[in-house]
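# Coordinates in review
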Amino acid sequence: MEKKTVIVLDFGAQYNQLIARRVRECNVYCVLLPYNTPVSRIKALKPSGIIMTGGPSSVSMKGSPRCDSRIFGLGVPILGICYGMQLMGYMLGGRVGQTRKREYGHADLVIDNKEKVFSGLKKKEKVWMSHGDQVLKLPKGFVRLAHTKNSKIASMCHPEKKFYGVQFHPEVIHTPKGMQIFRNFLYRIAGLKPTWTMRSFIKEAVRDMRSAVGKEKVVLGLSGGVDSSVAAALLHRAIGKRLHCIFVDNGLLRKDEKANVVDTFERHLHVNLYVADAEKSFLKALEDVIDPERKRKIIGREFIRVFESEARHLGKVRFLAQGTLYPDVIESVSAKGGPSATIKTHHNVGGLPKKMGFKLIEPLKDLFKDEVRKLGKELGLSDKLVYRQPFPGPGLAVRIIGDVTKKRLDILREADAAVQEEMERYDGYKGIWQSFAVLLPVKTVGVMGDERTYENVVALRIVTSLDAMTADWAKVPYDILGRISNRIINEVKGVNRVVYDISSKPPSTIEWE
Ligand code: XMP
């Protein structure tokens, strides 16, 4: 059965990925493409529907983004959102102009005509608006579906052609019935069925990977993080013992990390796992290195060296698997309005495919992070693994400010373990993006019993965030902070003071280095 696809055409909206996520939450597969994707490419994908996103431009501005006008001749249902609606109105012969007042925030939508898109909604609904322009005159064949106090035409449609426009943003949570509008467009208007599930994804991915790999071997660098772990579990389902995972113990890992990886992948999933014990060579290479960027470079270089040497023992391997995610491969539209390919290379294994002549296998490259978590659950991985917090590739080395030594690593590992244990007990833990300890290069005076001490300071970093681009220090209850502090000072030898970091990103960053 052919996979039914929806195309989300990106006009530079801040929340373009959110629209794609909403479509997928309706169990419909979709891809996000730049607004100026040629009609030939769009046609080749045989979309069942097209969604045009919002964007920061004004259609009357010179050089404002336009889609290929032949899209309107494909006979495919289209939903235009905000700028997408205005552009549809403008390109099809209507009139678009400025509103008297910029409409921003909650608005009361009055539905004049439910058509299919507002099916199941009440006559009046709350919606979220953010626009300066609006459609002032409908294009030929269109009818008005709704209005607000500020927008005479807050929604429109051409019933025969199945073109729909909404001036508000159904993708944001501030439009409570937004998901119903997406469901209406996808199921009632585009005739799609909610068939894209993690189970169907696994079936398809297994089939594709088997045919891509044939009888060959695949090597994968397992880090213990969510992405590489889910990629490993999925590949293992597809090709079993022909998957070879390499785990590099660089000595910069959290407490029990190696044991957990061995337990999950070797004991439970019976994956071929090779553990490279490389602590000594990493620490030697990091000796006396203080500059954070130098630390990162050295760790990256050592990783490649160790990985290569492990992979050589496997004989001829043609494929390297990586846990690249969809946000890393999206050809997104830049803030200035032009499309830009933002294809990132993976931190940990950058340089490997080129140097060693590997062909890349990226089984997660169509998925968002929350989908990868669902996939992991479907593949039988534990909640603890699937919902774990991000951990930087260079590990604890960038959480020890200054010199990285075995002694300091051991202190930080113990302190970090206490933070993790106490945070996991906290009922707000799911709302936390990252929580960890940082070892500072200062010593302070304390008293223990009758003795004066002169020991290290640990800083706690606990933040909330949606995507790590911005972050806020978490308002964790004092008793939790108190418990963490007590445990670290009492249990971790070499620490006599704990401080809490109350800086937001920007201007600070999440990590201290
Ligand atoms: P910052 O400190 O820049 O971190 O606010 C943003 C997010 O990125 C993670 N991070 C890294 N991840 N290699 C990684 O794989 C790195 O060198 C690195 N530096 C920061 C950080 O943990 C946070 O989630």
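Look above for the structure.
Predicted model, so just to flag it, every value in this text is computed and none were measured. (Residues numbered from 1 in each chain as written. Predicted model: local features only at pLDDT ≥ 70, side-chain atom pairs only at ≥ 80, totals over all residues. Heavy atoms only, no water.)

### Brief notes about helix H1 (residues 16–25)
Basically, it comes down to this: Between buried and exposed lies partly exposed: a residue is buried under 20% and exposed over 50% of the maximum accessible area for its type, with that area taken using a 1.4 Å probe on protein chains only. What counts as a helix is a DSSP run of H or I of at least four residues, what counts as a strand is a run of E of at least two, and both are numbered from the N terminus.
Within H1, seven of the 10 residues are buried, leaving the element largely enclosed by the surrounding structure. Restricting attention to buried positions, one finds in H1 the residues Asn16, Leu18, Ile19, Ala20, Arg22, Val23 and Arg24. Positive phi appears at Asn27, one or two residues downstream of H1, with a value of about 60°.

### Quick look at the sheet that holds strand E7 (residues 143–147)
The line we're drawing: We treat two strands as partners when DSSP finds at least two bridges between them. Here an angle of 0 to 180 degrees is reported between the N-to-C directions of two axes, which are lines fitted to C-alpha atoms, with helices fitted over the stretch in contact. In this analysis, two residues are considered to be in contact whenever any of their non-hydrogen atoms come within 4.5 Å of each other.
On the basis of which strands lie adjacent, the open sheet formed by nine strands has the order E2-E1-E3-E4-E9-E8-E7-E5-E6 and mixed pairing. If you trace the sheet from one side to the other, it starts and ends with strand E2 (29–34) and strand E6 (124–137), each paired once. Going from strand to strand, the sheet's axes swing by 20° on average, the running direction of each strand aside. Sheet strands touched by H1: strand E1 (5–10), E2, strand E3 (47–52) and strand E4 (78–81). Its angle to E2, the strand with the most contacts, is close to 160°. The strands that helix H3 (residues 83–91) touches are E3, E4, strand E5 (95–111), E6, strand E8 (155–158) and strand E9 (163–166); relative to E4, the one it contacts most, it runs at about 115°.

### As for unusual backbone geometry
That bond from Lys505 to Pro506 is cis: its omega, -15°, falls within 30 degrees of zero. For Asp288, which is not a glycine, the phi torsion comes out positive at approximately 65°. Along the chain, Asp288 falls in the loop between helix H8 (279–285) and helix H9 (292–312). Judged by relative accessible area, Asp288 falls into the exposed class, the value being 60%. Phi at Ala468 takes a positive value of approximately 75°, unusual for a residue other than glycine. Within the secondary structure, Ala468 is located in the loop between strand E16 (451–464) and strand E17 (472–473).

### Observations regarding helix H5 (residues 198–213)
An α-helix turns once per 3.6 residues; consequently, residues spaced three or four apart project the same way. What counts here: Multiply 1.5 Å by the residue count of a helix minus one, and that product is the helix's expected span. Directions from the helix axis toward the C-beta atoms define the arc.
Compared with the 22 Å implied by 1.5 Å per residue over 16 residues, the 22 Å span of H5 between its first and last C-alpha is a close match. Along H5, the residues that are buried comprise Met198, Phe201, Ile202, Ala205, Val206, Met209 and Val213. The buried side chains of H5 occupy one side of the element, clustering within an arc of 130° when seen end-on. In H5, the exposed positions that point more than 90 degrees away from the buried face belong to Lys203, Arg207 and Ser211.

### Examining the packing of aromatic side chains
Our working definition: A pair of Phe, Tyr and Trp rings is counted when the ring centres sit within 6.5 Å of each other, with Trp represented by its six-membered ring. The angle between the planes then sorts it: under 30 degrees is stacked, over 60 is edge-to-face, the rest tilted.
The full count for this structure, using the stated rule, is 10 aromatic pairs. When the centroid spacing of 5.5 Å and the interplanar angle of 50° are considered together, the rings of Phe11 and Tyr83 count as tilted. Here Tyr83 lies in helix H3 and Phe11 lies in the loop between E1 and H1, a separation of 72 residues in the sequence. Measuring from ring centre to ring centre gives 5.8 Å for Phe72 and Phe163, while their planes differ by 70°; the resulting arrangement is edge-to-face.

### Considering the site of the ligand
Worth spelling out the cut-off: Nearness here has a simple test: a residue counts as near a molecule or strand if at least one of its heavy atoms is within 4 Å of that partner. Whenever two N or O atoms come within 3.5 Å, that pair is a polar contact, provided that in protein one can donate a hydrogen and the other can accept it, and provided that, for residues adjacent in sequence, both atoms are side-chain atoms. Residue-level accessible areas treat just the shown protein chains as cover; the underlying method is Shrake-Rupley with a 1.4 Å probe. Residue polarity follows a fixed list, in which Ala, Val, Leu, Ile, Met, Phe, Trp, Tyr, Cys and Pro are nonpolar, Asp, Glu, Lys and Arg are charged, and the others, Gly among them, are polar.
As a structural note, the neighbourhood of the ligand is formed by 12 residues, with Arg296, Gln434, Lys505, Ile510 and Glu511 the closest of them. Lys505 places a polar side-chain atom, nitrogen or oxygen, 2.7 Å from an oxygen atom of the ligand. Contact with the protein chains removes 77% of the 490 Å² of surface that the ligand exposes when unbound. A per-class count over the shell around the ligand returns five nonpolar, four polar and three charged.

### Let's talk about the pairing of strand E10 (residues 218–222)
How we decide: The handedness rule is simple: strands pointing away from the viewer, and a clockwise path from the first strand over the helix to the second, make the crossover right-handed.
Taken across its five residues, E10 has four buried, putting it largely inside the fold. Pairing of E10 with strand E11 (residues 243–249), which is carried by five bridges, proceeds in the parallel orientation. In the sheet register, Leu222 faces E11, and the bridge partner there is Phe247. Following the backbone out of E10, through helix H6 (residues 226–239) and into the adjacent parallel E11, one traces a crossover that is right-handed. When E10 meets strand E13 (residues 319–321), the two strands line up parallel, connected through three bridges. Across the sheet, residue Leu220 finds its bridge partner in E13, namely Ala321.

### A look at the nonpolar core
In plain terms, the rule: We define the nonpolar core as a collection of buried residues of types Ala, Val, Leu, Ile, Met, Phe, Trp, Tyr and Cys that are connected through side-chain atoms lying within 4.5 Å of one another. Delimitation of the domains relies on an automatic or database domain assignment.
Counting 106 residues, the largest nonpolar core has Leu9, Ile51, Phe118 and Leu375 as the members making the most contacts within it. Sort the elements by how many residues they give to this core and H6 lands first, with nine residues. Residues from two domains meet in this core; each of domain 1 (5–189) and domain 2 (198–386) gives at least three. Among all residues touching Leu375, those that are not within four sequence positions of it are Met198, Phe201, Ile202, Val230, Leu234, Leu364 and Leu367. Within the second largest apolar cluster, 48 residues are counted, among which are Leu252, Ala278, Val306 and Ala397.

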